[in-house]
Amino acid sequence: MNPVAAPPIISRLRSIVSGSIGNLVEWYDWYAYSAFALYFAPVFFPKGSPTAQLLNTAAIFAVGFLMRPLGAWLLGAYADRHGRRAALLFSVRLMAGGSLLIAAAPGYAQIGVAAPALLLIARLVQGISVGGEYGTSATYLSEMAGAKHRGFWSSFQYLTLMGGQLLALLVQLGLQQVLTAGQLAEWGWRVPFVIGALAALGALYLRTHMGETAAFEQKQQAASAVAEGEGNVPSSGQMRELMKHPRAVLTVVGLTLGGTLAFYTFTTYAQKFLVNTAGFSKESATLISFGVMAVALLFQPLLGVISDKVGRRPVLLMFGIGATLGTVPLLRLLAQTHDAWTAAGLLIAALFVVSGYTSISAVVKAELFPTEIRALGVGLPFALTVAVFGGTAEYVALFAKDHGVEEWFYWYVTGCAFLSLLVYWRMGETRGEHGRMAE
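- The protein appears in an unreviewed UniProt entry as MFS transporter from Hymenobacter glaciei.
- According to its UniProt record, the protein has this under Subcellular location (unreviewed entry): "Cell membrane".

Right, here's the structure in full:
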């Protein structure tokens, strides 16, 4: 059996860029829901208080997250059997369909309870899509990158994830400039979902021209040789294979717990927090969120490079310690400020700390698993943890506010960050010879 040669550097870069652009489009589609929830909540749900309507949209946002483990299981297993590229193509098709359904769905005034039902179906489809996207994309980027710069290139996972969120905010800012508030509430909120569906078709084209990773092809070649030599004896189930790595699975859960909750607190929920708690206008909150996310993008490759130099564990410890000690005082200050620059500064500080997790989470998880189970191993425990903690972040925060105990949420985030800190403290290094990924 001849080893599969790694693709030339130019080919690697082209594939990494194509995969990253597709990742950006997928996450734009996912976050457009959150960015425009302030406008379409009254369209899909009966009249009530703004907080109650946002609770309804946040509940569907959370339910969409519940489909992410299913997507991680289905597409992760598919990626480990049939290739990272094939799974990435399928995930972007699903996302395009979900966005089109939201763009075309009639409102509550037209079809009653069928309106939120359609919204729910669309989010379930999108949940399957992003559930499969994360693990497969993280695996693809990590395997395509060379060992020396794996932290840097893998940081593009969250760079494009946050870029998708930033793009959703950019579209929102543009629409706020050209449409009136009434037009946005009536029909303008549909525009970003049309844009997302069309962009997904462009991402689909780019992904058809991506190469497969050498690591997957090498493993397939080895599996074929074994099958021929043993009379095509079938391998054990992939879930059974995954359960052979319980420590790695639990490490992914612990890695993700505090990081995902902190990330969604200071990104998607922060915009609503600025409006509902700090008293900023919707337009000001969008502008602040956009500026903060633009700065936070720069933190991802920076900390990815640092992790290539000093290791993954010190960067994770920075996040764990910072989030445990800083969440409560920072959110208290943010709740009391009425100055846009102060609010932006506080959120930038928060996201710098959170970037200690986001910048390298993909590569750390990928370095925990062998090739044959990597996409499923990265995606499934991550998706389960995000569904329970990240996807419910907005709902828990709004529920606490609605019941007059908003600070309980601050301590909830702190507690989860502390649990992750304990995992970072006890885990070993995954970079280089310490991890399970070869060049």
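1. With respect to the overall build of the protein
So, step 1. Tallying secondary structure elements over the protein gives 21 helices and 0 strands in all.
So, step 2. Per-residue burial over the protein gives 58% buried out of 439 residues.
So, step 3. Taking as baseline every contact in the protein between residues at least 6 positions apart, the subset at least 24 positions apart corresponds to 87%.
So, step 4. Carbon and sulfur atoms form 68% of the exposed surface of the protein, whose accessible area is close to 17,000 Å².

2. Digging into a nonpolar patch on the surface
So, step 1. Together, L70, W73, L74, M239 and M243 make up a nonpolar patch on the protein surface, roughly 450 Å² of accessible area in all.
So, step 2. If you tally residues by element for the nonpolar patch, the top one is helix 3 (residues 68–82), at 3 residues.
So, step 3. By the secondary structure assignment, M239 is in helix 12 (residues 238–242).
So, step 4. For M239, a relative accessible area of 33% gives the class partly exposed.

3. Observations concerning the nonpolar core
Within soluble globular proteins, side chains that are nonpolar generally end up buried alongside one another.
So, step 1. Membership of the largest hydrophobic core comes to 111 residues, with the highest contact counts inside it found for F36, F40, F44, W189, Y264 and F369.
So, step 2. Looking at this core, the element that brings in the most residues is helix 1 (residues 9–44), giving 13 residues.
So, step 3. Apart from the residues within four sequence positions on either side, F36 is in contact with A168, V171, Q172, L175, L184, W189 and P192.
So, step 4. The next biggest cluster of nonpolar side chains, apart from the first, holds 8 residues, and it includes L88, Y140, M144 and M210.

4. Structural notes on helix 3
So, step 1. Compared with an ideal rise of 1.5 Å per residue, which puts 15 residues at 21 Å, helix 3 spans 20 Å between its outermost C-alpha atoms and is within 8% of the ideal.
So, step 2. Taken as a whole, helix 3 has its buried residues at R68, P69, G71, A72, L75, G76, A77, A79 and D80.
So, step 3. One or two residues past the end of helix 3 sits G83, with phi positive at roughly 120 degrees.

5. Considering empty space enclosed by the protein
So, step 1. Summed over all chains, the structure comprises 1 cavity of 30 Å³ or more.
So, step 2. Roughly 110 Å³ of internal volume is contained in the largest cavity.
So, step 3. Together, 15 residues line the largest cavity, and Q165, L169, T267, T268 and Q271 are the ones closest to its centre.
So, step 4. Those elements giving two or more residues to the lining of the largest cavity turn out to be helix 1, helix 8 (156–178), helix 14 (268–276) and helix 15 (282–310).

6. Observations concerning the environment of S284
So, step 1. Within the element layout of this structure, S284 appears in helix 15.
So, step 2. In this structure S284 comes out as partly exposed when scored by relative accessible area, which is 31%.
So, step 3. Each C-alpha atom, one on S284 and one on L274, is 8.7 Å from the other, the two residues being 10 residues apart in sequence.

7. Points about the packing of aromatic side chains
So, step 1. Scanning all chains against the criterion turns up 20 aromatic pairs.
So, step 2. Ring centres of F409 and Y412 lie 6.1 Å apart, and the angle between their planes is 45 degrees; on these two criteria the pair is classed as tilted. You can see F409 and its partner Y412 sitting in helix 21 (residues 406–426), 3 residues apart, about one turn around the helix.
So, step 3. Residue F409 is classed as buried on the basis of its relative accessible area of 3%.
So, step 4. By relative accessible area, which is 26% here, Y412 ends up partly exposed.
So, step 5. A network of ring pairs unites the aromatic residues W27, Y31, Y158, F263, Y264, F319, Y357 and Y424 as a single cluster.
So, step 6. The positively charged end of R123 is found above the aromatic ring belonging to Y33, 4.2 Å away from the centroid.
So, step 7. The residue whose ring lies beneath R313 is W425, and the NZ or CZ to ring-centre distance is 5.9 Å.

What counts, and at which threshold
- Residues numbered from 1 in each chain as written.
- Predicted model: local features only at pLDDT ≥ 70, side-chain atom pairs only at ≥ 80, totals over all residues.
- Heavy atoms only, no water.
- UniProt positions renumbered as here; feature names shortened; annotations may be inferred.
- Helix = DSSP H or I, 4+ residues; strand = E, 2+ residues; numbered from the N terminus.
- Buried < 20%, exposed > 50% of the residue type's maximum accessible area, 1.4 Å probe, protein only.
- Contact = heavy atoms within 4.5 Å.
- Areas by Shrake-Rupley, 256 points an atom, 1.4 Å probe, with all protein chains shown as cover.
- Patch = residues over 30% accessible without salt bridge, like charges linked within 9 Å, V, L, I, M, F, W, Y side chains within 5 Å.
- Salt bridge = Lys/Arg side-chain N within 4 Å of Asp/Glu carboxyl O.
- Core = buried A, V, L, I, M, F, W, Y, C linked by side-chain atoms within 4.5 Å.
- Expected span 1.5 Å × (residues − 1).
- 1 Å grid on protein atoms, 1.4 Å probe; cavity = no way out; pocket = protein on both sides within 12 Å on 5 of 7 lines; lining within 4 Å.
- Points joined across faces, edges and corners; volume = space filled by probe spheres on them.
- Phe/Tyr/Trp six-rings, centres within 6.5 Å; stacked < 30°, edge-to-face > 60°.
- Lys NZ or Arg CZ within 6 Å of the ring centre and 35° of its normal.

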